[in-house]
Amino acid sequence: MSFKLTAKSIQMKHRSTNRRNFIKKSALAAGGIVIIPRHVMGGGNFIAPSDQLTKAVIGVGAMGQNHLNYENTKLLAICDADTKHLASTLQKVDKGVKAYRDFREVLLRPDIDIVHIATPPHWHGLMSIMAAQAGKDVWCEKPMTRTIGEGKRVVEAMKTHGKMFRLNTWFRFKDNFYGMGIPVKKIKKVVDSGALGWPLKVTISGITGFNWKFYWVGKENLAPQAVPENLDYNMWLGPAPEKPYHPHRVHQTFRGYWDYDGGGLGDMGQHYIDPVQYFLGKDHTSPIKVEIDAPQQHYDAIGTWRKIVFTYADGCQIILDGENKNKDAAYIEGPDGKIFKDFKSTIPHIEDLIDSIPDPEEQIGTFSQSVKTRQKFALNEENGHRSATIVNMGIVALRLGRNLDFDPLGQEFINDEEANRLIEQPMRGTWSS
């Protein structure tokens, strides 16, 4: 039997004058949104440990399907610009879950504690900011933001509104780390021991156990097509530049276009680079230089690249080898030792060394704990912004086709106005972060 969306299952119309006014004002994403979540009605920004957290998932076409249930939370709402996504998801969740096409209606609900943002990245920054303004804690997919400027404003918004933030990559605090086959904690202990020497060079390539997913490329000269009835394409675009609809721009293939993401670098960059920031001890800084070796990129459609090198002020480097050119590459190389894929090392008795070193400082690895205690999550808006900045430095260099110098303190490129314009990219229409 076919499934029909009804007025009850999808809240497509505003329910009151106040709601209409809120949505009109919040389109500017400025301050002034005063939504008091249920857990602060008593005056304190705290949830009792016994209380069940509630959540909404915005974006249920692909990644959002993986996050309908987690960590002792109750799903109350889903949101998507595509009614097909909503219809199929409503068949999987409890009957009480409400569906929406406009995320601003979700933010109006004072009974929702956490907003999980699983949209394309061009929405991540703006939605995170608006959710914080509306009194919600935020769980956001990677990359954290599509631009460096958006990341800075997310950091400010979480601080201003006292909200908890989680970025959805987790290798710095749990699970085996791709081709290394071990938790990042062990790598950090070796680095902290000084056994490798300093500075260090980290190579991320197929040789060391990582995949840059170069199938995320765009198509040039897309012929405009009719927008399908199930898709609110204007809402899907949101703050992104207006471009004629083509199915390759949306849903599973959006990563191939600069307006929405950054190809394989945008898709996997934070998964691969964030743990490096952590074990190098650089969560509060950024590289000072990015160098690229890549074909000239199209203004709209993302292509591939051969090599990207990030250099820190102390000489440490992160090397992204897109061609797997260095067949003998170590994952980490220092003046006194190397660590290869599968944690093979030139350091004798490396496991004994690890056992002799105290564990790194404990991190909160469960977001519900962060929300209830109001203590920062292991990967939050601050350190997440720094690893996202590395990804976005690479994207800016690729788009411009040149090497760039960067000021980690001011978080801007040095003597390059064109590069800095890509830090603060304008949003379409009335959308503004």
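Above this note sits the structure.
Procedures and definitions
Residues numbered from 1 in each chain as written. Predicted model: local features only at pLDDT ≥ 70, side-chain atom pairs only at ≥ 80, totals over all residues. Heavy atoms only, no water. Salt bridge = Lys/Arg side-chain N within 4 Å of Asp/Glu carboxyl O. Helix = DSSP H or I, 4+ residues; strand = E, 2+ residues; numbered from the N terminus. Buried < 20%, exposed > 50% of the residue type's maximum accessible area, 1.4 Å probe, protein only. Axes fitted to C-alpha atoms, helices over the stretch in contact; angles between N-to-C directions. Parallel < 35°, antiparallel > 145°, perpendicular 65-115°, else oblique. Contact = heavy atoms within 4.5 Å. Nonpolar A, V, L, I, M, F, W, Y, C, P; charged D, E, K, R; others polar. Left-handed = near helix turned anticlockwise from the far one by under 90°. Pairing = 2+ DSSP bridges.

Novice: Is there a simple way to think about the pattern of salt bridges in this case?
Specialist: Oppositely charged side chains can pair when the atoms bearing their charge come close. Scanning the entire structure with this criterion turns up 26 salt bridges. Between lysine 186 and glutamate 351 there is a salt bridge, and its shortest N-O distance comes to 3.6 Å. With a gap of 165 residues between them, lysine 186 in helix H6 (residues 184-193) and glutamate 351 in helix H9 (residues 350-355) connect regions that are remote in the sequence. On the basis of relative accessible area, lysine 186 is assigned to the partly exposed category, the value being 27%. With a shortest N-O distance of 2.7 Å, aspartate 259 and lysine 243 are connected by a salt bridge. One end of the pair, aspartate 259, is in the loop between helix H7 (233-237) and helix H8 (263-279); the other, lysine 243, is in the loop between H7 and H8, with 16 residues separating them in the sequence. Residue classification places aspartate 259 among the buried positions, given a relative accessible area of 9%. Linked by salt bridges that have partners in common, Lys142, Lys213, Arg255, Asp261 and Asp267 make up one network.

Novice: Would you mind going over the packing of helix H4 (residues 124-133) against helix H5 (residues 148-161) with me for this structure?
Specialist: A pair of packed helices can be characterised by two numbers: the angle between their axes and the separation between those axes. The contact between H4 and H5 brings their axes to 9 Å, and the two run at 10°. Classified by the interaxial angle, the pair formed by H4 and H5 is roughly parallel. The residues of H5 that touch H4, namely those facing Gly125, Ser128, Ile129, Ala132 and Gln133, are Glu150, Arg153, Val154, Ala157, Met158 and His161. A class-by-class count of the residues in the contact of H4 with H5 yields 5 nonpolar, 4 polar and 2 charged.

Novice: What's the story with the packing of H8 against helix H11 (residues 381-400) in this structure? I'm lost.
Specialist: It is at 9 Å that the axes of H8 and H11 come closest, and there the two elements cross at 130°. One element, H8, and the other, H11, form an angle in the oblique class. The chirality of how H8 crosses H11 is right-handed. Seen from H8, the contacting residues are Leu265, Gly266, Gly269, Gln270, Ile273, Asp274 and Gln277; seen from H11, they are Asn383, Gly384, Arg386, Ser387, Ala388, Ile390, Val391, Gly394, Ile395 and Leu398.

Novice: Any chance you could explain the sheet that holds strand E7 (residues 201-204) here in plain terms?
Specialist: The strand order across the open sheet formed by 8 strands is E12-E11-E7-E10-E9-E8-E13-E14, and the pairing between neighbours is mixed. Because the sheet does not close on itself, it has two edges, and the strands there are strand E12 (337-339) and strand E14 (412-413). Contacting strand E8 (289-293), strand E9 (307-311), strand E10 (317-321), strand E13 (404-407) and E14, H11 runs over the sheet at an angle of about 50° to E8.

Take it as geometry only, folks, not as evidence of what the structure does.
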